[in-house]
Amino acid sequence: MIIFGLIWIGQGSGYFPYPSSSFMIRQTIWILWGAILAGLGVVVMIIVSRLRRRV
């Protein structure tokens, strides 16, 4: 989730314009969606890490 979020941020901001025909390039809404997805990925990692410590 974190990696996909970072890719979406890169494409939305134009820093990662691959593939060149992508509809996401320089579309600022994808920066927001990417940040949300990456943030959720961090939350999932924290929850899983805490659950593993209990077992």
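Residues numbered from 1 in each chain as written. Predicted model: local features only at pLDDT ≥ 70, side-chain atom pairs only at ≥ 80, totals over all residues. Heavy atoms only, no water.

**Student:** Could you clarify how one ought to interpret the UniProt feature "transmembrane region" (unreviewed entry) in the protein in this entry?
**Tutor:** This chain's UniProt record puts "transmembrane region" (unreviewed entry) on residues 30–48. The span residues 30–48 shows a helical share of 100% and a strand share of 0%, and its end C-alpha atoms are spaced 26 Å apart. (UniProt positions renumbered as here; feature names shortened; annotations may be inferred. Helix = DSSP H or I, 4+ residues; strand = E, 2+ residues; numbered from the N terminus.)

**Student:** When you look at a nonpolar patch on the surface in this model, what are you seeing that I'm missing?
**Tutor:** Together, Met1, Ile29, Leu32, Trp33, Ile36, Leu40, Val44 and Val48 give the surface a local cluster of nonpolar side chains, amounting to about 710 Å² of exposed area. Among the structural elements, Ile36 can be located in helix 2 (residues 29–54). Residue classification places Ile36 among the partly exposed positions, given a relative accessible area of 39%. (Patch = residues over 30% accessible without salt bridge, like charges linked within 9 Å, V, L, I, M, F, W, Y side chains within 5 Å. Areas by Shrake-Rupley, 256 points an atom, 1.4 Å probe, with all protein chains shown as cover. Salt bridge = Lys/Arg side-chain N within 4 Å of Asp/Glu carboxyl O. Buried < 20%, exposed > 50% of the residue type's maximum accessible area, 1.4 Å probe, protein only.)

**Student:** What am I meant to see in the packing of aromatic side chains here?
**Tutor:** Two aromatic rings, taken as a pair, are described by how far apart their centres are and by the angle between their planes. Within the structure shown, the criterion is met by three aromatic pairs. Aromatic side chains Trp8 and Trp30 sit 5.3 Å apart centroid to centroid with 75 degrees between the ring planes, which places their arrangement in the edge-to-face category. A residue pair is termed long-range when its members are at least 10 positions apart, and Trp8 in helix 1 (residues 2–13) and Trp30 in helix 2 qualify at 22 residues. Aromatic pair Phe23 and Trp30: ring centres 5.9 Å apart, planes at 70 degrees, arrangement edge-to-face. On the basis of relative accessibility, which here comes to 60%, the residue Phe23 falls in the exposed class. Here a set of aromatic residues connected by ring pairs shows up, and it is made of Trp8, Phe23 and Trp30. (Phe/Tyr/Trp six-rings, centres within 6.5 Å; stacked < 30°, edge-to-face > 60°.)

**Student:** Any chance you could explain the side chain of Ser22 here in plain terms?
**Tutor:** By secondary structure assignment, the location of Ser22 is in the loop between helix 1 and helix 2. In this structure the side chain of Ser22 is engaged in a polar contact, spanning 3.2 Å, whose partner is the backbone nitrogen of Met24. (Polar contact = N/O pair within 3.5 Å; in protein donor to acceptor, adjacent residues only side chain to side chain.)

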